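# Commentary on secondary and tertiary structure
Spelled out from the first residue to the last, the chains are:
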Amino acid sequence: MKQLSVEHLLGIKYLTKQDIDLIFETADHFKEVINRPIKKVPSLRDITIANLFFENSTRTKLSFELAEKRLSADIINFSASQSSVKKGETLIDTVNNILSMKVDIIVLRHPNEGAGVFLSNHINAKIINAGDGTHEHPTQALLDSYSIREKLGSVKGKKVVIIGDILHSRVALSNIFALQLQGAKVMVCGPSTLIPKYISSIGVQVETNLKKALQWCDVANILRVQNERMHTNYFPSTREYTQLFGIDKKLLDSLDKKIVIMHPGPINRGVEITSDVADSEQSIILHQVENGVAIRMAIIYLLAQKINR
Amino acid sequence: MSKKLLLNAKEIDIIIHRLACQLLENHLDFNNTVLVGLQPRGVFLANRLVALLKKDYAIKDITYGSLDITFYRDDFRRREEPLEASSTNLNVTIENKKVVFIDDVLFSGRSIRAALTAIQSFGRPQSIELLVLIDRRFSRDLPIQPNYKGRQVDVINDEKVLVHWKENNTKDAVYIQTNSSK
């Protein structure tokens, strides 16, 4: 019988290929469930999940909430802006207080890298990392790979380019780990100031010419420029960024093949991608969102199986 | 561990023919009926019945599908081994239809309880019946009984009923396995 090799989902780097396969197989079943007239199963009736969001989120938070509700778990929500964190409470104290209310699983988004790992060493609950700083965002990477698998049949051997602000992106790092684990070739493309210095040491190709990168790939995963994490200027102007790294329909049509367009959201239309590209037939952006719920249901379900009664 | 043959391939074939006739008696042309094989092992029996009804009894249209009950089980996190899900393939409407659940062995009745919950996600059937190949009498945990049964057996709880299908084993057969270490 199959189960995950890990006790928490802290990052893709802790997973094995078998774990990813198991998550995808389970997500296949949940995808069928969420397309039924009644989209809910009673599996997690006796599980309570706390969604702790110390950083803003719309998509991920809604997706997690929906996944938890579809599994019939009880949920509590917490966002740092309305909490005692503002009054000086530490992370462990906040979480321990929440845990005394008998919570089984914690979904954590935090601005500090490694917050999930830190918490998992001190807290007796399953932790799911919903994004820690610029480090990892494992559920996003899993749903991205799952969407590629759904569109192209498999991830193995596919060429995927991640375009944009790689330096500040947790989505990029998790995606690189997940894609490499499944045997895909990964390239990053963006302004050289926004590409981490040692990224080629983990087997990732670097390309600063957008056209060449698109010509090479089967799938382009386009990231947003994370202005909120930038404390200095990495490129002269947004206009110049758009001219060099923005993807428009003309550029897409000039390629000799039909590549798949992905974006983890939120989209800045007209900056990294134009509307006609985001809404084109080649784009699977909205499938990514739908698959996000199925993937998160699978992860929560598989981790909940490991909770001791 | 010892294994005793309960039914051989020929006996199973005769039983499936009888079950098909019994279904036919109650459902005639099957136009308002949906046959649902319960994953994983009830699906083999369901496929056999459908093939037989089409071939020997000239029923043209039979609506059927498979239902996985893993997410509806009442022993989630209560077992040593993790539960593994199978796929559900029920692309038919069951609203106001006569549903027949098909499974290989009826033991505690808990799987059927889960199936009764699971089927509600697809609509409100007019009625639900249960067809099983083997009915293990005296081992029920819940008040659930089959409408159609292939063979009733009295086995004690240490014993296990094994149904082999030629689709995934070498031949059709039903065995009773006894744990002789006890």
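Residues numbered from 1 in each chain as written. Chains lettered and ligands numbered in written order. Predicted model: local features only at pLDDT ≥ 70, side-chain atom pairs only at ≥ 80, totals over all residues. Heavy atoms only, no water.

### Let's talk about the sheet that holds strand 9 (residues 260–262) of chain A
Residue and element names in this part refer to chain A.
- One open sheet holds the 5 strands; their spatial order is 7-6-5-8-9, and the pairing between them is parallel. Each having just a single partner strand, strand 7 (205–207) and strand 9 make up the two edges of the open sheet. Averaged over all pairs of adjacent strands, the angle between strand axes in this sheet comes to 25 degrees, irrespective of strand direction.
- Relative to strand 7, strand 6 (residues 185–189) is paired through 3 bridges, and the arrangement is parallel. Residue pairing in the sheet places V188 in a bridge with V206 of strand 7. (Pairing = 2+ DSSP bridges. Helix = DSSP H or I, 4+ residues; strand = E, 2+ residues; numbered from the N terminus. Axes fitted to C-alpha atoms, helices over the stretch in contact; angles between N-to-C directions.)

### Some words on the sheet that holds strand 4 (residues 98–106) of chain B
Residue and element names in this part refer to chain B.
- Ordered in space as 3-2-4-5-6, the 5 strands form an open sheet in which the pairing is parallel. Every other strand in the sheet has two partners, leaving strand 3 (63–67) and strand 6 (148–153) as the edge strands with one partner each. With strand direction ignored, the average angle separating the axes of adjacent strands in the sheet is 25 degrees.
- Two strands pair when backbone bridges link them, and strand 2 (residues 33–38) and strand 3 are joined in this way by 5 bridges, in the parallel orientation. In the sheet register, V34 faces strand 3, and the bridge partner there is T63.
- The strands that helix 1 (residues 9–27) touches are strand 2, strand 4, strand 5 (127–136) and strand 6; relative to strand 6, the one it contacts most, it runs at about 140 degrees.
- Of the strands in this sheet, strand 2, strand 3, strand 4 and strand 5 are in contact with helix 3 (residues 110–119), which crosses strand 4 at around 155 degrees. (Contact = heavy atoms within 4.5 Å.)

### Comments concerning the domain arrangement of chain A
All names here are of chain A.
- Domain boundaries assigned for chain A yield domain 1 (12–137 + 289–304) and domain 2 (138–285).
- Each of domain 1 and domain 2 has a C-alpha centre, and these two points are 25 Å apart.
- Contacts between the two partners involve 31 residues from domain 1, matched on the other side by 27 residues from domain 2.
- Summed over both partners, the interface of domain 1 with domain 2 comes to about 2,500 Å²; 62% of that surface belongs to carbon and sulfur atoms.
- Three residues stand out in domain 1 for area buried against domain 2, namely I12, F24 and H137, and they jointly supply 27% of the buried area on that side.
- There are 4 salt bridges connecting domain 1 and domain 2.
- A salt bridge links E55 to R229; the shortest N-O distance between them is 3.3 Å. (Domains from an automatic or database assignment. Buried area = accessible area lost by both parts, 1.4 Å probe. Salt bridge = Lys/Arg side-chain N within 4 Å of Asp/Glu carboxyl O.)

### A look at the interface of chain B and chain A
- Chain B puts 18 residues into the contact, and the matching count from chain A is 24 residues.
- When the area that chain B buries against chain A is broken down by residue, the three leading residues are F71, F76 and R77 of chain B, summing to 41%.
- Inspection of the chain B/chain A interface yields 1 salt bridge.
- Residue R77 of chain B is joined to D46 of chain A by a salt bridge in which the shortest nitrogen-to-oxygen separation is 3.1 Å.
- Counting every contact that joins chain B to chain A gives 8 residue pairs in polar contact (both at pLDDT 80 or more).
- Here the side of chain B that touches chain A is composed, by residue class, of 7 nonpolar, 6 polar and 5 charged. (Polar contact = N/O pair within 3.5 Å; in protein donor to acceptor, adjacent residues only side chain to side chain. Nonpolar A, V, L, I, M, F, W, Y, C, P; charged D, E, K, R; others polar.)

### Points about helix 6 (residues 170–181) of chain A
All names here are of chain A.
- The terminal C-alpha atoms of helix 6, which comprises 12 residues, lie 17 Å apart, in line with the 16 Å expected from a rise of 1.5 Å per residue.
- Every buried residue belonging to helix 6 is among R170, V171, A172, S174, N175, I176, A178 and L179, and all of these are buried.
- With a side-chain oxygen lying 3.2 Å from the backbone nitrogen of V171, the N-terminal cap of helix 6 falls on S169. (Expected span 1.5 Å × (residues − 1). Buried < 20%, exposed > 50% of the residue type's maximum accessible area, 1.4 Å probe, protein only.)

### A word on the packing of aromatic side chains
Residue and element names in this part refer to chain A.
- Throughout the structure, instances matching the rule amount to 8 aromatic pairs over all chains.
- Centre to centre, the rings of F24 and Y146 are 5.3 Å apart; their planes meet at 65 degrees, and the pair counts as edge-to-face. Residue F24 is found in helix 1 (residues 17–33), and its partner Y146 is found in helix 5 (residues 138–152); the two are separated by 122 residues along the sequence. For the pair formed by F24 and Y146, the shared burial category is buried. (Phe/Tyr/Trp six-rings, centres within 6.5 Å; stacked < 30°, edge-to-face > 60°.)

### Here's the deal with the environment of S147 of chain A
All names here are of chain A.
- Note on placement: S147 falls in helix 5.
- The buried category is assigned to S147, whose relative accessible area is 1%.
- As a C-alpha pair, S147 and E290 span 143 residues in sequence and 9.4 Å in three-dimensional space.
- Contacts of S147, omitting those with residues within four sequence positions, involve M262, I284, H287, Q288 and N291.

### Let's talk about the pattern of salt bridges
- In the structure shown here, the tally under the stated rule is 23 salt bridges over all chains.
- For D21 of chain A, the salt bridge identified is with K17 of chain A, shortest N-O distance 3.0 Å. Placement of the pair is D21 of chain A and K17 of chain A together in helix 1, with a separation of 4 residues, close to one helical turn.
- On the accessibility criterion, D21 of chain A (29% relative accessible area) is partly exposed.
- Given the relative accessible area of 31%, K17 of chain A is considered partly exposed.
- The salt bridge partner of R140 of chain B is D135 of chain B, with a shortest N-O separation of 2.7 Å. Across the pair, D135 of chain B and R140 of chain B agree in class, each one buried.
- It is possible to trace a salt-bridge network through shared partners that takes in E7, K126 and K306 of chain A.

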